[in-house]
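The residues making up each chain are set out below.
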Amino acid sequence: MTAWSQNLPPNDITHPKPDSWPTFHGDYSGRHYSPLKEIDAGNVHNLTLAWVNQISVTAGSNIGGPGPMPPSGGFANTRCAPLLVDGVLYITEPNQVLAIDARTGREIWKYTWRGLPAFALGNRGVGIYGDWLFFETYDDHLVSLDIKTGKERWNKEMADVKRDYFSSVAPLVVKNHVIVGVGGDFLDVPNFAEARDPETGDVQWHFWTTAHEGDPGFKTWPNSNAVEHGGAGVWYPPTYDPELNLVYIPTGNANPVMAGQSREGDNLYTASVVALNPDTGKMAWYFQYSPHDTHDWDAAQTPILFDAVIDGTPRKLLAQAHRSGLFFVLDRTNGKSILTAPFVEGLNWYKGIAPNGQPIRDPMKEPQVAGALTSPNSSGSTGWPNPAYNPDTGLFYVGTTQSYTIFYKTDTDPQPEGYSGTERGGGVVKTELRAIDVKTGKIAWKHATNIGAQSLLTTAGNLLFGSDGSGNFIAFDARDGEPLWHAGLIANPSNAPITYMLDGHQYLLVAGGANLYAFRLQ
Amino acid sequence: MRIDMLALVHLKKTVAFVGGVALVTLIANVQAQPPAAQPPAGRGGTGGRGGGRGSRFKIYPRDAVDRGLPAYNSTCGYCHGDRGKGGKAGPDLIASVVTLHDEDGVQLAKFVRGPEHSKVVKIDASDSQIGDIAAYLHSRVVYSSGRGDVHLSEVLVGDAKAGEIYFNGAGGCNKCHSPTGDLKGVGGKYDPAVLQETLVMPRRGRGGFGRGAADTSPTARYATVTLPSGDSFKGAPLRVTDFDVTLRLADGSTRTWARNHGVPRVEITDPLQAHVDIMTKLSDTDMHNLTAYLATLK
């Protein structure tokens, strides 16, 4: 039995303290909503810079991993959500973890993993259990560090990097489980989520996100060969309901990506959310957002958990704005659809919504040899940068893009491989920050920006923090989208902004590429 | 393409790599693969996808890959199928742990001569022959995992006559375009895929809309800034945010105004608005027909 060090017991993730940001999403719900309101719509115009620090990614002496030493110099590219515990921020850079003093912005320790060649998608951050910190490396290792010194405790290989797996997820700590995942969709491989023991790193359970033989979802594939090449990468930190004891894991797109002729069927559990019991890894339910997807529309977005009254009845809900342009509200106890609605205009790839809430695909808008003019393009109507939900306004905030492209299928072989298609032409009509009324699916307000998907934070002070794609970190009024304050950073905000109390004051923290900025009231 | 399995049943277990005629005719249907791709540049712009991928896979010399293709076909092809994708008797050799852990054919030779493979079929091939096969398989890994090297075919499926009718009718294209004027000879100048994407949205640049680009062509988007005084300025929008607007004016100079709650007003005009509208409404049938029609304008 582990002796708690008072550092971050799992209960402090379930009930976050005001002076912490204890997990990627801030709490298990994924709302990116903070109850802090020292800063509010009335006084946010007084927000000022507390400190800025440029993150150094040059390796020090604290190193691990089997690969070559990374080149020194170079700039950080911060895409994680920093965690804050006891006055120390924990951030990740490619194959690195840094502990930063939250009062001064200065580095406390740094750990560098020397990785083998792998695709560097971007790391979402660490998970913390007591005194132990966990992160995934690009080359598919799970590494555990001592939180005080940054020294490595152990590392475990989760997947074979030679098979072109790449890992980026921030591990989610739930009770005594470290929940991790791997992704890979360049070569056609099967992906998975796992729970690992925080003490030893050993596997507790393993869940294939492409349904293998024995799983009821197997019948949505024509054969095992298709499953073994099926994709469904785990690229995004899940959410968790402690009362229902369910972890909600969103999955990636199917492989081969744009040609579906060797994988007839819905291809479970690609482009889905799966609800798993975190103790056993058994699936309670699933919902597939894009059945038999052929547009690279993965579901690597936040399944946000919130409660609301629907038709007079309090309901436990889950909402996800999917890359394909559809907004889904589900009952998170059983996966039943409450509402499905487009959150951008112009979607032309589906014929309608079925009674079960799923889209009815138009087969003529799958990639065609002669080209199919489709909205959205493969980048989609939104992406991984996280949305936010504010229970005070009842609005789901998301950065959006309205785009068109001509999808071409380029591999008509009975056994296509890899991307198997391409897209040409078209363009972006507009990019907007939008607020969706979760009860109706209607757009409550929208604000033009120069960026599509973006990482957001909303607070009890009626604020929504985001950016405009032109380097400005902005506080919008959460009720109507009016910009109330902004600061021009050296680069566009690149990660999830977080907020916390420290020494009696509320801080905002955001990264602009290589720099970390902390703001507070005067 | 399917391997003739009846022929396979009659084969003896020991297979010699002889490049012999009998073996070659068995797998005569196996198609030559297009030249192996160099690692692509990737899509980019969407959070770093596509960056730095090429170094993951070793690129083998062209001549080894070219020798490796017929060597693969005659030694491995009838079990492992067309281009290494897997056949009825042998698995996929591309997303294969054996291939992916091989370098220069060394591990591949060891595996193929080892107990697991030998109990299925005994391969007699020299180190250099296996090295060539390995080079070919590694080129297949690069091709399969790549996203840039694609070949568009059969884009001309539409009805050129119907396209002409649409051009002069419901499409309204003849309001701005003429087959004997601006479109004269386009069918001879551009390949069909280029014709198709151009008729949908002719402007290139970031996002296909030249967003942020200082494009001074007549089809470029331009901005009009109107001050509270009533003065207005027109230019290329270099930067437009809630807090500032920067134009490049006709004389080449750059001017920025601070903005506050929408003042000064900024209006963006797109000379290609008709194409934006087309893009949002055009059916695939009309698109294919228009492409076929434009392709006739030689």
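Worth saying up front: this structure is predicted, and the values here are computed from it rather than measured.

About the cut-offs
- Residues numbered from 1 in each chain as written.
- Chains lettered and ligands numbered in written order.
- Predicted model: local features only at pLDDT ≥ 70, side-chain atom pairs only at ≥ 80, totals over all residues.
- Pairing = 2+ DSSP bridges.
- Helix = DSSP H or I, 4+ residues; strand = E, 2+ residues; numbered from the N terminus.
- Axes fitted to C-alpha atoms, helices over the stretch in contact; angles between N-to-C directions.
- Parallel < 35°, antiparallel > 145°, perpendicular 65-115°, else oblique.
- Left-handed = near helix turned anticlockwise from the far one by under 90°.
- Contact = placed C-beta atoms within 7 Å.
- Nonpolar A, V, L, I, M, F, W, Y, C, P; charged D, E, K, R; others polar.
- Buried ≥ 20, exposed ≤ 12 C-beta atoms within 10 Å, placed from the backbone.

Novice: Please give an account of the sheet that holds strand S34 (residues 483-488) of chain A that cites residues and values.
Specialist: Strand order in the open sheet formed by five strands is S1-S31-S32-S33-S34 (chain A), with mixed pairing between adjacent strands. Because the sheet does not close on itself, it has two edges, and the strands there are strand S1 (33-34) and S34 of chain A.

Novice: Requested: an account of the packing of helix H11 (residues 192-200) of chain B against helix H13 (residues 284-295) of chain B, with residues and values cited.
Specialist: Residue and element names in this part refer to chain B. Taken N-terminus to C-terminus, the directions of H11 and H13 make an angle of 120°; their axes are 9 Å apart at the nearest point. One finds that H11 runs oblique with respect to H13. Remark: the crossing between H11 and H13 carries right-handed chirality. On H13, the residues touching Pro192, Leu195, Gln196, Leu199 and Val200 of H11 are Met287, Leu290, Thr291, Leu294 and Ala295. Its residues placed into classes, the contact of H11 with H13 shows eight nonpolar, two polar and no charged.

Novice: Summarise the pairing of strand S18 (residues 272-276) of chain A; cite the residues concerned and give the values.
Specialist: Residue and element names in this part refer to chain A. Most of S18 is tucked away, with five of its five residues classed as buried. The alternating pattern of S18 places Ser272, Val274 and Leu276 and Val273 and Ala275 on opposite faces, both of which are buried. For strand S17 (residues 246-250) and S18, the ladder comprises four bridges, and the chain directions are antiparallel. By the bridge assignment, Pro250 is partnered in S18 with Val273.

Novice: Lay out H11 of chain B with the relevant residues and their values.
Specialist: Here H11 of chain B lies mainly inside the structure; seven of its nine residues are buried. Those residues of H11 of chain B that are buried are in contact with strand S26 (372-374), strand S28 (395-409) and strand S29 (421-437) of chain A together with helix H10 (186-189), helix H12 (273-281) and H13 of chain B.

Novice: Which residues make up the environment of Ile39 of chain A, and what values go with them?
Specialist: All names here are of chain A. The residue Ile39 is located in the loop between S1 and strand S2 (47-54) in this model. Sequence spacing of Ile39 and Asn462 is 423 residues, and the spatial spacing of their C-alpha atoms is 9.1 Å. Apart from the residues within four sequence positions on either side, Ile39 is in contact with Val44, Leu47, Gly461, Leu463, Gln506 and Leu521.

Novice: Break down the environment of Leu100 of chain B for me, with residues and values.
Specialist: In this structure, Leu100 of chain B sits in helix H5 (residues 97-100). When the C-alpha positions of Leu100 of chain B and Gln273 of chain B are compared, they lie 50 Å apart, and in sequence the two are 173 residues distant. Excluding its chain neighbours within four sequence positions, the residues that come into contact with Leu100 of chain B are Lys162 and Arg163 of chain A together with Val141 of chain B.

Novice: Residue-level account of the pairing of strand S19 (residues 283-288) of chain A, with values.
Specialist: Residue and element names in this part refer to chain A. Relative to S19, S18 is paired through five bridges, and the arrangement is antiparallel. In the strand pairing of S19, Ala275 is matched with Trp285. Counting the residues between successive antiparallel strands, the hairpin from S18 to S19 contains six residues, one of them, Gly281, with a positive phi of roughly 75°.

Novice: Explain the sheet that holds strand S11 (residues 152-157) of chain A to me, and be specific about the residues and the numbers.
Specialist: Residues and elements named next belong to chain A. Taken together, the four strands give an open sheet; going across it, the order is S8-S9-S10-S11, and neighbouring strands pair in antiparallel fashion. Each edge of the open sheet carries a strand with a single partner, namely strand S8 (127-129) and S11. Neighbour-to-neighbour, the strand axes of the sheet open up by a mean angle of 20°, direction not taken into account. As paired strands, strand S9 (residues 132-136) and strand S10 (residues 141-146) are joined by five bridges and run antiparallel to one another. By the bridge assignment for S10, Phe134 is matched with Ser144.

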